[in-house]
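Remarks on the overall topology
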Amino acid sequence: MWWLYDDGGLTLLLPYILTTRQNYSGCQLRVFSLANRKDELDRETRNMAALLAKFRIEFSSVIVIPDVTKRAREETKADFNAIVESLPEGTIPEEELLDNKEKTNRHLRLSELLEEHSKEAEMIFMTLPLPRRGQVSAPLYLAWLDVMTRNLPPTLLIR
């Protein structure tokens, strides 16, 4: 389960409910969240464990990822550029790509982290990243989602 944004707990609740069913009773719940600074890793881990305890949700591990703002690999950028180039010309204006360069890098980096940590998962639950209205077009947003969920097991995006 990838907790990207506080959504009121639905992203935590759905995978937990599944683990209470006989078909999924053997599944382990691993919780991933993001930290803005490396010096806050311990505090963020404790906060997430406390939140899970408050909801009485059993989990196998809490992993806080510190380096989501690091530059994405060239292969990931190439995959994203291939998605953008496959669209009809002018679908995503070059200006919009430049304006959203940092957000694009964050989503590309998140894609790498998802693949690194969850490639072998049975199912992934993840908070749906929401774009700002008027700042991100639908084609760019969908390209972000495409690159983030590509090559992964079934992924449920929750909002």
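Details of the structure are given in the entry above.
So, how was this worked out
Residues numbered from 1 in each chain as written. Predicted model: local features only at pLDDT ≥ 70, side-chain atom pairs only at ≥ 80, totals over all residues. Heavy atoms only, no water. Helix = DSSP H or I, 4+ residues; strand = E, 2+ residues; numbered from the N terminus. Rg over C-alpha atoms; globule rule 2.2 N^0.38 Å. Contact = heavy atoms within 4.5 Å. Areas by Shrake-Rupley, 256 points an atom, 1.4 Å probe, with all protein chains shown as cover. Lys, Arg positive; Asp, Glu negative; His and termini not counted. Charge placed at Lys NZ, Arg CZ, Asp CG, Glu CD. Axes fitted to C-alpha atoms, helices over the stretch in contact; angles between N-to-C directions. Parallel < 35°, antiparallel > 145°, perpendicular 65-115°, else oblique. Left-handed = near helix turned anticlockwise from the far one by under 90°. Nonpolar A, V, L, I, M, F, W, Y, C, P; charged D, E, K, R; others polar. Salt bridge = Lys/Arg side-chain N within 4 Å of Asp/Glu carboxyl O. Buried < 20%, exposed > 50% of the residue type's maximum accessible area, 1.4 Å probe, protein only. Pairing = 2+ DSSP bridges.

With that settled, the discussion passes to the overall build of the protein chain. A count of helices and strands for the protein chain gives six helices and five strands. Tracing the protein chain from N to C terminus, the helices and strands come up as β-α-β-α-β-α-α-α-β-α-β. Expected size for 159 residues packed as a compact globule is a radius of gyration near 15 Å; at 17 Å, the protein chain falls within 12% of this value. Overall, the C-alpha framework of the protein chain stretches about 50 × 35 × 30 Å when taken along its three principal axes. Looking at the protein chain alone, contacts between residues at least 24 apart form 80% of all its contacts between residues at least 6 apart. Here the protein chain has roughly 9800 Å² of accessible surface; of this, 49% comes from carbon and sulfur atoms. One finds the centroid of the 21 positive side-chain charges in the protein chain at a distance of 7 Å from the centroid of its 24 negative side-chain charges.

Packing of helix 3 (residues 74–86) against helix 5 (residues 101–118) leaves a shortest axis separation of 10 Å and a crossing angle of 115°. Taken together, helix 3 and helix 5 sit at an angle that is classed as roughly perpendicular. Judged by the twist between their axes, the crossing of helix 3 over helix 5 is right-handed. Along the contact surface, helix 3 presents Thr 76, Lys 77 and Phe 80, while helix 5 presents Thr 104, Asn 105, Leu 108 and Glu 112. Of the residues assigned to the contact of helix 3 with helix 5, the class counts are two nonpolar, three polar and two charged.

With that out of the way, let us pick up the pattern of salt bridges. With the rule as written, the count across this model stands at seven salt bridges. In this structure, Glu 102 engages Arg 71 in a salt bridge whose closest nitrogen and oxygen atoms are separated by 3.0 Å. Placement of the pair is Glu 102 in helix 5 and Arg 71 in the loop between strand 3 (61–65) and helix 3, with a sequence separation of 31 residues. According to the relative accessible area criterion, Arg 71 is partly exposed, its value standing at 48%. Residue Asp 146 is joined to Arg 150 by a salt bridge in which the shortest nitrogen-to-oxygen separation is 3.1 Å. The network of salt bridges with common partners includes Asp 67, Arg 109 and Glu 112.

Here we come to the pairing of strand 3. For strand 2 (residues 30–34) and strand 3, the ladder comprises five bridges, and the chain directions are parallel. Of the residues in strand 3, the one forming a bridge with Leu 34 is Ile 65.

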